[in-house]
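What the coordinates show
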Amino acid sequence: MTTARQIQLVTRPVGVPVPTDFAVVDVEVRDAGEGEIQVANVLMSVDPYMRPRLDADQPLDAPMLGGGLGRVTQSNNAKFREGDLVRHSGGMQELFVSDGRGVAVLKPDPDLPLSVYMHALGGTGITAYGGLLETGALKDGEQVFVSTAAGAVGSVVAQIAKLKGCYVVGSTGSAEKKAWLLDEAGLDAAIDYHAENLAEALKAATPKGVDVYFENVGGAHLDAALPRMNVRGRIPVCGMISTYNGGGEGVRNLFNLIYGRVRMEGFVASDFPHLNAQFIEDMTAWLKAGKIKYQETVLDGFERAPEGLIGLFSGKNSGKMLIRVAD
């Protein structure tokens, strides 16, 4: 038996989560049994989708649900060897035992940082790729608007659209992130929605309207985008972060869906297993060629996971938020 830590939810949040909703708890972790492996976390992912789960799906006084990268420390399972690097859905635990379900061996490209497998070459990357190209049915040269375009998903969406020859506008929440979108990601226009009137700025930035609006926010962003949608436009709905902590902003312009024949469709990353091989090939090539840029916010220390999650809702992350547990 080994002592290790878990991040547990101890209180259901009311609105934006606070540190006292969570606890760092010491637990005893047993050795791997027959057909099992023991995994030590290396990197943990923190994502906006975790917030709605805190209201119901996430059990109290149990490890926080989530994904990460880890290293196999013990193996009694023929599919894994000690030392293997693995993707996992083992949640926020320093050390855990698994029968192998939800765990997959990762063989990273030696020319890429390991962390990219947590975003551009991971779940957020396939979310962006499938959501834009399949759900959004993007065509080369179209007009594209991406909300939270400096985030882990949005930044990949925006840059894939640019690679497809599209005119791309992104929204973000600070002058620094706006500058990154224009100078590094190469967008055609960017809007700082904290400093600018979103609806007016979007209208000015999209003289040819919008064919695809990649939705991450909802509320005022959706309300601003709907009047700009071209006939037969598509709105792939990845997230609605403005509603995750309760409340939210009303949407008045949904009638634009009718005469614009606009299709609005939600999706999740697990919708796209058939795209995975092509996604890995394309994204690996784009990253190695410097055609996809990214930002990471890495917090060192297992115990900082709640801080990372809370920080997502005040824009404290640039790009992907990660928790580094070990090297």
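Relevant structure appears above.
What you are looking at is a predicted structure, and each value in this text was computed from that prediction instead of being measured.

1. Here we look at the overall build of the chain
Tallying secondary structure elements over the chain gives nine helices and 15 strands in all. Scaling as 2.2 N^0.38, a compact globule of 327 residues should have a C-alpha radius of gyration of about 20 Å, and the chain matches this with 20 Å. Dimensions of the chain along its principal axes, counting C-alpha atoms only, are 65 × 45 × 35 Å. Classification of the 327 residues of the chain by burial places 53% in the buried group. Intrachain contacts of the chain at a sequence separation of at least 6 include 66% that bridge at least 24 residues. When the accessible surface of the chain is summed, it comes to about 14,300 Å², and 51% of that surface belongs to carbon and sulfur atoms. For the chain, the distance from the average site of its 31 positive side-chain charges to the average site of its 39 negative ones is 6 Å.

2. Overview of the environment of Val116
For Val116, the position within the fold is in the loop between β7 (103-105) and α2 (123-135). Val116 gets classed as buried once you look at its relative accessible area, which sits at 0%. Sequence separation between Val116 and Lys320 is 204 residues; the distance between their C-alpha atoms is 9.4 Å. Apart from residues no more than four positions distant in its own chain, Val116 is found in contact with Leu121, Gly122, Leu287, Tyr294 and Glu296.

3. Here's the deal with the packing of α2 against helix α3 (residues 152-163)
Helix-helix packing is described using two parameters, namely the angle between the two axes and the distance between the axes. Where α2 meets α3, the axes come as close as 8 Å, and the angle between the chain directions of the two elements is 45°. Classified by the interaxial angle, the pair formed by α2 and α3 is oblique. Crossing handedness for the pair α2 and α3: right-handed. Facing α2, whose interface residues are Thr124, Thr127, Ala128, Tyr129, Leu132 and Leu133, α3 presents Ala152, Val153, Val156, Val157, Ile160 and Ala161. When the residues that make up the contact of α2 with α3 are grouped by side-chain class, the tally is ten nonpolar, two polar and no charged.

4. So, the sheet that holds strand β12 (residues 229-237)
Strand order in the open sheet formed by six strands is β10-β9-β8-β11-β12-β13, with parallel pairing between adjacent strands. The open sheet has two free edges, formed respectively by β10 (189-192) and β13 (263-266), since each of these has just one partner strand. Strand-to-strand twist across the sheet, computed as the mean angle between neighbouring axes with direction ignored, equals 15°. Both strand β11 (residues 210-214) and β12 contribute to a ladder of two bridges, which runs parallel. In the strand pairing of β12, Val212 is matched with Arg234. Along the sheet, helix α5 (residues 198-205) makes contact with β8 (143-146), β9 (167-172) and β10, crossing β10 at roughly 175°.

5. Topic: the packing of α2 against helix α8 (residues 276-288)
Where α2 contacts α8, the two axes come as close as 10 Å, and the packing angle between them is 105°. One element, α2, and the other, α8, form an angle in the roughly perpendicular class. Contact with α2, carried on its side by Gly125, Ile126 and Tyr129, involves Asn276, Gln278, Phe279, Asp282 and Trp286 of α8 and no other residues of that element. When the residues that make up the contact of α2 with α8 are grouped by side-chain class, the tally is four nonpolar, three polar and one charged.

6. What to know about α3
Taking 1.5 Å per residue as the helical rise, α3 with its twelve residues ought to reach 16 Å, and the 17 Å between its terminal C-alpha atoms agrees with that figure. Across the twelve residues that make up α3, a large majority, ten, are buried. Ala152, Val153, Gly154, Ser155, Val156, Val157, Ala158, Gln159, Ile160 and Ala161 are the residues of α3 that are buried. Phi turns positive, to about 75°, at Gly165, one or two residues after α3.

7. Some words on the packing of aromatic side chains
A complete count under the given rule lists five aromatic pairs for this structure. Measuring from centroid to centroid gives 6.4 Å for Tyr129 and Trp286, while their planes differ by 45°, and the two rings are tilted. With Tyr129 in helix α2 and Trp286 in helix α8, this residue pair connects regions lying 157 residues apart in the sequence. Both residues of the pair, Tyr129 and Trp286, count as buried. The rings of Tyr129, Phe279 and Trp286 are connected pair by pair, giving a single aromatic cluster.

8. Here we look at the side chain of Asp109
Structurally, Asp109 is set in the loop between β7 and α2. Note on Asp109: relative accessible area 17%, which makes it buried. Among the polar contacts made by the side chain of Asp109, one reaches the main-chain amide nitrogen of Asp111 at a distance of 2.8 Å.

9. A closer look at the side chain of Asn317
With respect to the element layout, Asn317 can be found in the loop between α9 (305-311) and β15 (320-324). Here Asn317 is in contact with Lys177, Thr297, Gly311 and Leu312, once residues within four sequence places are set aside.

10. Considerations on unusual backbone geometry
Unusually for a residue other than glycine, Asp61 sits at a positive phi of about 55°. Among the secondary structure elements, Asp61 is positioned in the loop between α1 (50-53) and β4 (68-75). On the accessibility criterion, Asp61 (52% relative accessible area) is exposed.

Calculation criteria
- Residues numbered from 1 in each chain as written.
- Predicted model: local features only at pLDDT ≥ 70, side-chain atom pairs only at ≥ 80, totals over all residues.
- Heavy atoms only, no water.
- Helix = DSSP H or I, 4+ residues; strand = E, 2+ residues; numbered from the N terminus.
- Rg over C-alpha atoms; globule rule 2.2 N^0.38 Å.
- Buried < 20%, exposed > 50% of the residue type's maximum accessible area, 1.4 Å probe, protein only.
- Contact = heavy atoms within 4.5 Å.
- Areas by Shrake-Rupley, 256 points an atom, 1.4 Å probe, with all protein chains shown as cover.
- Lys, Arg positive; Asp, Glu negative; His and termini not counted.
- Charge placed at Lys NZ, Arg CZ, Asp CG, Glu CD.
- Axes fitted to C-alpha atoms, helices over the stretch in contact; angles between N-to-C directions.
- Parallel < 35°, antiparallel > 145°, perpendicular 65-115°, else oblique.
- Left-handed = near helix turned anticlockwise from the far one by under 90°.
- Nonpolar A, V, L, I, M, F, W, Y, C, P; charged D, E, K, R; others polar.
- Pairing = 2+ DSSP bridges.
- Expected span 1.5 Å × (residues − 1).
- Phe/Tyr/Trp six-rings, centres within 6.5 Å; stacked < 30°, edge-to-face > 60°.
- Polar contact = N/O pair within 3.5 Å; in protein donor to acceptor, adjacent residues only side chain to side chain.

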